[in-house]
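# Remarks on the overall topology
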Amino acid sequence: MFNVRVVGTIAKNSRTIDFQYYFTDFTTTGSTGASTMPITTKGNIPQSWPAGARYTRGGNLPGTKTFTQLKALRAFHQTVNAAAGQGSGSTLDSLFAVYEPAISYTPPAGWTLSGARGGKLFMLAPRWEAASYLANSTGGGNPAKKGAATFSYLTTLTLSAKQGAEERAEAQHIRQASLVPQDTKPYMSAKKVPGQKAADPLHRTVSARRIDDNRRVADALHGSSPPRTVSPREVGDQSPW
């Protein structure tokens, strides 16, 4: 047996993702031919949106090494870069992909193996964007380097509406907005709240004009202070750029 772990990291304002492969816990029991068993490591990208995107690979992914060689070497990495200009949307230039580390092995000469001979570790979800509000929106003068990479993951926030829960009022408000949005203030019979269905998700707002317009309407309804201009990060841009 042996274990493989893959960790993806991205430098600030970079379009290059570095996938570190760690091979550990090499163990054999009894008399086997494991020491010369060939093990193949791949970093596959089986799907991209839009389809047909091209990637530049780097690093020192081992390809095929024996059990003994991997046990001695232990760590490798592969870099993946997607140049700007391949994504969708005229302002975002968004490119999504699936990255799947895969391990396979074959029995050495004179030996046999039963059962599966490898598999896909898991799926990582890299994303690239080149929106104008990003810190690296110009690419330092190189159009191919505009924007940055990140990972498309959602962090689930669990809220409780139980008596005594600190977030009870927030949970009750979200529940009401999801189930009976027309009863939230101000009343509107045809009100719809984004996020109720997967087909109608919430979107981050990065337009300063739209932010101010939204705040102006809210202030007029509730008698608050006049609107102010805020940065995209203040309105929920949770990306790491």
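Residues numbered from 1 in each chain as written. Predicted model: local features only at pLDDT ≥ 70, side-chain atom pairs only at ≥ 80, totals over all residues. Heavy atoms only, no water.

## Regarding the overall build of the protein chain
From N to C terminus, the protein chain includes three helices and ten strands. A compact globule built from 241 residues would reach a C-alpha radius of gyration of about 18 Å, whereas the protein chain, at 25 Å, exceeds it by more than 25%. Referenced to the eigenvectors of the C-alpha coordinate spread, the extents of the protein chain come out at roughly 80 × 55 × 30 Å. Burial status across the protein chain gives 29% buried among its 241 residues. In the protein chain, 58% of the contacts between residues at least 6 apart in sequence involve partners at least 24 apart. The positive charge centre, built from 28 side chains, and the negative charge centre, built from 15, are 8 Å apart in the protein chain. (Helix = DSSP H or I, 4+ residues; strand = E, 2+ residues; numbered from the N terminus. Rg over C-alpha atoms; globule rule 2.2 N^0.38 Å. Buried < 20%, exposed > 50% of the residue type's maximum accessible area, 1.4 Å probe, protein only. Contact = heavy atoms within 4.5 Å. Lys, Arg positive; Asp, Glu negative; His and termini not counted. Charge placed at Lys NZ, Arg CZ, Asp CG, Glu CD.)

## Observations concerning the layout of surface pockets
In this model, the second largest pocket occupies a volume close to 230 Å³. Contributing to the lining of the second largest pocket are 16 residues, with Thr32, Gly33, Ala34, Met37 and Leu113 lying nearest its centre. Grouping the constituent residues of the lining of the second largest pocket by class yields ten nonpolar, six polar and no charged. (1 Å grid on protein atoms, 1.4 Å probe; cavity = no way out; pocket = protein on both sides within 12 Å on 5 of 7 lines; lining within 4 Å. Points joined across faces, edges and corners; volume = space filled by probe spheres on them. Nonpolar A, V, L, I, M, F, W, Y, C, P; charged D, E, K, R; others polar.)

## Details of the environment of Gln20
Within the secondary structure, Gln20 is located in strand S2 (residues 16-24). Measuring from C-alpha to C-alpha, the distance between Gln20 and Thr64 comes to 17 Å, with 44 residues separating the pair along the chain. Excluding residues that lie within four positions of it along the chain, Gln20 makes contacts with Arg5, Val6, Val7, Phe76 and His77. At 3.3 Å, the side chain of Gln20 and the side chain of Asp18 are in polar contact. (Polar contact = N/O pair within 3.5 Å; in protein donor to acceptor, adjacent residues only side chain to side chain.)

## Here we look at the environment of Lys71
With respect to the secondary-structure elements, Lys71 resides in helix H1 (residues 67-73). As a C-alpha pair, Lys71 and Phe26 span 45 residues in sequence and 6.3 Å in three-dimensional space.

## A few points about the pattern of salt bridges
In total, this model carries four salt bridges according to the counting rule given. Notably, a salt bridge pairs Arg127 with Glu129, separated by 3.1 Å at the nearest N-O pair. Put simply, Asp213 and Arg216 hold a salt bridge, and the shortest N to O gap is 2.9 Å. Of the two residues, Asp213 and Arg216 both sit in helix H3 (residues 208-222), three residues apart, roughly one turn of that helix. (Salt bridge = Lys/Arg side-chain N within 4 Å of Asp/Glu carboxyl O.)

## What about the pairing of S2?
Relative to S2, strand S1 (residues 3-10) runs antiparallel, the two being bridged by eight bridges. By the bridge assignment for S2, Gly8 is matched with Phe19. Here S1 hands over to S2 after five residues, with Asn13 in that stretch at a positive phi of 60°. Pairing between S2 and strand S6 (residues 75-81): seven bridges, direction antiparallel. Bridging from a neighbouring strand, Asp18 pairs with Thr79 of S6. (Pairing = 2+ DSSP bridges.)

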